[in-house]
Each structure stands twice: as structure tokens, then as C-alpha cells.
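A look at the structure
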Amino acid sequence: MKRYSVKWPNWGRLVNQSFIPLMYCRDRILILYGGRGSSKSVAIAKKLIRRCLEESFFRFILYRKVHNTIKDSQWQTLKDCAEEMGVADLFKFKTSPLEIVCANGNKFIARGGDQPKKLKSIKDPTGVWYEEEIPPEDDFTTITMSIRTTKAEYLQEVFTINPEVEGDYTQHWFWKRFFEGHDDATFRSTMHVNVSGRLVERAYTCHHSTFLDNRFLPDSFAAELLALE
């Protein structure tokens, strides 16, 4: 596949300062969490657009629990960001099927948790973007097990989520897997996976943000968020 050489501005012009280190993060798991208005989804969309254009093989899943909600979330965010960055003419934003195809052959493919058979049908996925909701553990297991191609420069699973869950959060699978034992809101850690008797280390990063991290946020919106606290 063709790589596009795009003259990018400094990341400081494209995303908020808090997210700049994440633009270069290659950890297998990258978790961005916090409340509304922090711009975490926009930051990830811009990171993924750049990867899609510049990497030789990139095939990313856009996941939400309900398939028909993806168009108004990740799909639209990617479209808006591509237009803002001046590269929209290098993509086709398709609605049937719901996907985004780059001129170099790389693509984003939408999959919902309400279509379980289709979660396994993508050949050689290089990563996944989970948006807003924490996925059921079964969906996470299905997808993470399928992301194992050797064609990509690196594999990555990205979460941009609101961390609220029903019941006791300390009993939730997501907290137990990624947050248990960590006191800092933002941190980098590792987990160990047993592979045929060998412990394989997998790094992951958790990043917390709020609307206070977003210098692009209009004062009127910030005021509304503060009024709701």
C-alpha cells in the first residue's frame, strides 16, 4: 500500500497539550478516560488519521455496543477531523457498509457489539477504537484475540470512555484488569500474559482528562459543565 507524505503541523497545534505524548504511544492498550469536553476523542481521531495515511498497512475497527451509533460518533469525528486537517479528499466516507477508506487502501471498519458474528469477520485487523461505553468483557475478548496480524507497524487498542459503571466499580472487569492497584489518575503499567508457559509483558497507558485540559473549549460550554457539577 502507498504511504502518503503529509506535511503535518506540530501536534501542539492539532491537539491539547495533555494528549501530545499519546500521539507517539505504541502501547498495545491506550485508555483515555474522563468527563465530557476534554477533547480525548478528537485527539485519538487525529492520531488515527495520521497513522492511516502514513503506515503501510492499517485496518482499524470502530467499535460501539450498538452498530448504528457508530456513524454519529467515531465515523463522524474522523470525518470532521480529516476536514479540519485538510486531508478529507484522501478518504472516502462510506455509509453502506459503514467504513472509511483511504486512497492508499488503508481503512476504518465499523463493528457493533449487537452484531457478534461480524466482530470475527475482519481479516488482519491492526487495532480497534472503543468509544464512550466500556464494552462487555466477552466483546473485548473476541476483538483483542483477533488483533494479531504481523502486517502492521504496531497493534493498538484504544479506549475513549466515560468510566462510570453500574454497581461497585471495584468488581467490574475493566477496573480489575487495568486500574486495580494504581492510585494515580494517569499512569503507564504492564500486564503479564502466560503464553505456553512463558510470561509475555504487555504495556498499557491510562490517561485521565477533563474539560479543563481543553483549551479549544468555548467558555460558554465550560460554564455549562461547571453549572452541572
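Whatever comes next refers back to the structure up there.
Below you will find a few notes about this structure. Owing to the predicted nature of the structure, the values given are computational and were not obtained by experimental measurement.

Conventions used here
- Residues numbered from 1 in each chain as written.
- Predicted model: local features only at pLDDT ≥ 70, side-chain atom pairs only at ≥ 80, totals over all residues.
- Heavy atoms only, no water.
- Core = buried A, V, L, I, M, F, W, Y, C linked by side-chain atoms within 4.5 Å.
- Buried < 20%, exposed > 50% of the residue type's maximum accessible area, 1.4 Å probe, protein only.
- Helix = DSSP H or I, 4+ residues; strand = E, 2+ residues; numbered from the N terminus.
- Contact = heavy atoms within 4.5 Å.
- 1 Å grid on protein atoms, 1.4 Å probe; cavity = no way out; pocket = protein on both sides within 12 Å on 5 of 7 lines; lining within 4 Å.
- Points joined across faces, edges and corners; volume = space filled by probe spheres on them.
- Disulfide = S-S within 2.5 Å.
- Salt bridge = Lys/Arg side-chain N within 4 Å of Asp/Glu carboxyl O.
- Polar contact = N/O pair within 3.5 Å; in protein donor to acceptor, adjacent residues only side chain to side chain.

With that out of the way, let us pick up the nonpolar core. One finds I49, F91, F108 and W129 to be the most contacted residues of the largest nonpolar core, which totals 38 residues. Of all elements in the fold, only α1 (11–14), β1 (29–34), α2 (40–54), β2 (59–64), α3 (71–85), β3 (91–95), β4 (98–102) and β5 (107–112) reach the threshold of two or more residues within this core. Considering every element that reaches this core, the biggest residue donor is α2, with 7 residues. Ignoring sequence-local partners within four residues, the contact set of I49 consists of W8, L78, C81, A82, M85, V87, F91 and F108.

Another aspect to go through is the layout of surface pockets. Counted as a void, the largest pocket has a volume near 630 Å³. Lining the largest pocket are 29 residues, with G37, S38, S39, K40 and S41 positioned closest to its centre. A per-element tally of the lining of the largest pocket places α2 first, with 5 residues.

Once that is clear, we can look at the state of the cysteines. Here the structure, examined in full by the defined rule, presents 0 disulfides. Summary of cysteine pairing: C25 is not part of a disulfide, and the nearest cysteine sulfur, belonging to C206, is at 10 Å. Residue classification places C206 among the buried residues on the basis of a relative accessible area of 0%.

Below, the discussion takes up the pattern of salt bridges. On inspection of all chains with the given rule, the structure shows 14 salt bridges. Notably, a salt bridge pairs E132 with R64, separated by 3.2 Å at the nearest N-O pair. Of this pair, E132 sits in strand β6 (residues 127–132) while R64 sits in strand β2, and the two are 68 residues apart along the sequence. Taking relative accessible area as the criterion, E132 reaches 40% and is therefore assigned partly exposed. On the accessibility criterion, R64 (9% relative accessible area) is buried. Bridged by salt links that share partners, the residues R64, E132 and E133 form one connected network.

Now for the side chain of S38. The residue S38 is located in the loop between β1 and α2 in this model. Here K40 takes part through its backbone nitrogen, which lies 3.5 Å from a polar atom of the side chain of S38. For S38, the contacting residues outside a window of four places in its chain are N16, F19, S209, T210, F211 and N214.

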